[in-house]
Structure formats: structure tokens, C-alpha cells
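# Report on the structure
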Amino acid sequence: MNKKETLNDEEMIFIASIRGHKVESYNKRKDSYKYRVRISDKEREMLNNHRSMQDHITELKIDKSKFPKILIFDIETSPLSAYVWGRFKQFVSLDQTISEWFMLSWSAKWLNNPNMMSDVLTPEEALREDDSRITKSMWHLFNEADIIIAHNGQRFDTPRLNSRFLINGLMPPTPYRQIDTLKVAKENFGFSSNKLDALAGYLGIEHKSDTNFLLWKRCLAGEQEALDYMLAYNIKDVEILEQVYLKLRPWIKNHPNISMYLENEDETCPHCGSSNLADTGTFSYTNVSKFSNVRCMDCGGLARRRTSDYPKEKRKALVMSV
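Residues numbered from 1 in each chain as written. Predicted model: local features only at pLDDT ≥ 70, side-chain atom pairs only at ≥ 80, totals over all residues. Heavy atoms only, no water.

## Quick word on the sheet that holds strand β8 (residues 147-150)
Strand order across the open sheet formed by 5 strands is β7-β6-β3-β8-β9, with mixed pairing between neighbours. Looking at strand neighbours, the two that pair on one side only are β7 (116-120) and β9 (177-180), the edges of this open sheet. Pairwise comparison of adjacent strand axes, ignoring direction, gives a mean angle of 20° for this sheet. In this sheet, β9 lies alongside β8 in parallel orientation, the contact comprising 4 bridges. Residue A150 lies in a different strand from β9, and its bridge partner there is D180. Relative to strand β3 (residues 70-77), helix α5 (residues 153-167) is tilted by about 80°, and along the sheet it contacts β3, β6 (103-110), β8 and β9. (Pairing = 2+ DSSP bridges. Helix = DSSP H or I, 4+ residues; strand = E, 2+ residues; numbered from the N terminus. Axes fitted to C-alpha atoms, helices over the stretch in contact; angles between N-to-C directions. Contact = heavy atoms within 4.5 Å.)

If you want it as C-alpha cells, here you go:
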């Protein structure tokens, strides 16, 4: 049932965008300089989600905590559409392209925060192939993140998002460090498959939701049920990704040093920021020095101290191979 809602400028721009309208086609009330517009239940649901996101971004900006903002995310994109001459080994030129890919949905959450954030195209936006609104909502999260985590993020999610940011006239987000769980799995282990769903199975984590290409076709046709399922699928991926990351975290070499963000006087784990560290009684050796190792009793990660344990009086006698 359509009911009237009082909207400010930013909210009116949001409603106009999901309808495919220009905000100039709506008139403000003269007495309050706000808009009074009838919106559907679905639009109200999306508006409330948008308001929640805006409140969340505001909270992040005023948060004085030094713990880094670690964003775990995943995106779903449409396929390209093109004219082709066959099914195998096709080179598709620009002239053969009917339409380029675009983003269908995204899902994300902050590490150690239970709240899931997400956005998906409306049926109208899907038919117009217009992902500008959800691209902007994702950009705001990237712009607040200190560290981002994705599976195959370095080769897919991040460059794809950068493409959409540029196309939609957005500036580069503020600098962040990146962790790619696919890269971590390939570099450290010998699994027969490094797909996210496979890693979930190996590590005793619930599997991804079932999908097939028909879901993408239905999303491109603007079916609301399909878009809702795509978003649920997207959210499930992020839930799985967080659990996979936490399992892999102690194995990640050159993990962004959480201690650098915290600026604690006490020793803290570079993987998770915990101060619950214990000496292992072992050392890490270089060609000219040695450093004592510590293990985090919370995440299990290993780290070495930066102060050398090699006796000063013996350093002069140390020689190196050439």
C-alpha cells in the first residue's frame, strides 16, 4: 500500500534514483523545504535500509576506536551480452558486444561486528542496467575501510568495483590494505580446489547456496524474486568468507599489522590485535641475527619480536657467505 513519506534532499535523490527519475521532477513543499511523496512498501523497505546505512557511515566517521575497520565483502555481477558465432574459443570484439557487465548486488560486514550490510538493484534498475545507486553505497564503505577482505578480490572484486567507481564518476576511495583469501589458500596450502565453497567444505563450514545461470537470466529480466535470492546468496557468501578468513588468519604471512593501528605500548598480535601472547621458546633466524617468537593464544598466529636476541659481543665475529 502506497503511503506518503516526508523526505529530505538526500532521501529524495535516493527514491528518484531507484525509480529512474530525475530529482528535479519532484517539487518540495514550500512550508518545510522537504518533499512529501507516496512510496510503495518495497520502496519504504529500501529507504529504511538506506537510512540505516547512512547512520552507520556517520557512526564510523565519529568512532574514536583505533582498531582498524576491516571490511569483508563480495559482489555479484551480470554477464556480458554479445553476438557470437560458436560456443568454443570465441574472440568477442567490441562490435559484437550487446551490453557490458554491471553490478547486481553487494554484501559486506565489518569484522567483529554482527551487522550485515547489503544492496541490490531494483527490477527497474536491472532492466536499465543501472548500478549507479548500489555502486555509490559500496563506495562509502570502501572509503571508510582500513583493510578489505575478499575471495579473489585482487583479480576480480576490487578491480571490478574500481571500474564501476570510475564509470559512475566517483573519486578513488581512501587507501586501504587488502587480503585475498584465494591468494592465501594458493600460497600456503595444497587443496585440490581453492574455491570459496570448497574451502568451506574442507574447514567444516556451511556450504554456499545453490545457484545456476537461470538465476542471472531472471535477474537481468528484472524479476524481484530472483533479485531477492541473488542478494541472499550474496549475503551467505560473506558469512562464509568471514569464517574462512578467521580459519586462515594465523597462516597469513605479511598480514596487515594490526599493532600499527592500535599503537599500544604492550606487545600485541599483528594478526588480530590481542595482547594475549606467549613465548614459544623458539627463534626466527636471518643471516645476521635472531629474534624470539611469540604465539597469540587467541587467534593462534605466530610473530617475532623486532629486537635482536643475538649477543652483541658475538656480532663482530659473525661472517656471512658470499
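## Details of the sheet that holds strand β12 (residues 302-304)
Read across the sheet, 3 strands follow the order β10-β11-β12 without closing on themselves; strand pairing throughout is antiparallel. Of all the strands in the sheet, just β10 (277-285) and β12 have a single pairing partner and so form its edges. When strand polarity is set aside, the average angle formed by the axes of neighbouring strands in this sheet is 35°. Looking at chain direction, β10 and strand β11 (residues 290-296) are connected through 6 bridges and run antiparallel. For D279, the partnering residue across the bridge sits in β11 and is V294.

## Describing the side chain of E76
Its place among the elements puts E76 in strand β3. No salt bridge is formed by the buried E76; the nearest opposite charge belongs to K208, separated by 5.7 Å. Residue contacts for E76: discarding those within four places in its chain leaves M103, L104, S105, W216, M230, Y233, N234 and D237. (Buried < 20%, exposed > 50% of the residue type's maximum accessible area, 1.4 Å probe, protein only. Lys, Arg positive; Asp, Glu negative; His and termini not counted. Salt bridge = Lys/Arg side-chain N within 4 Å of Asp/Glu carboxyl O.)

Spatial relationships are all this shows, so hold off on functional conclusions.
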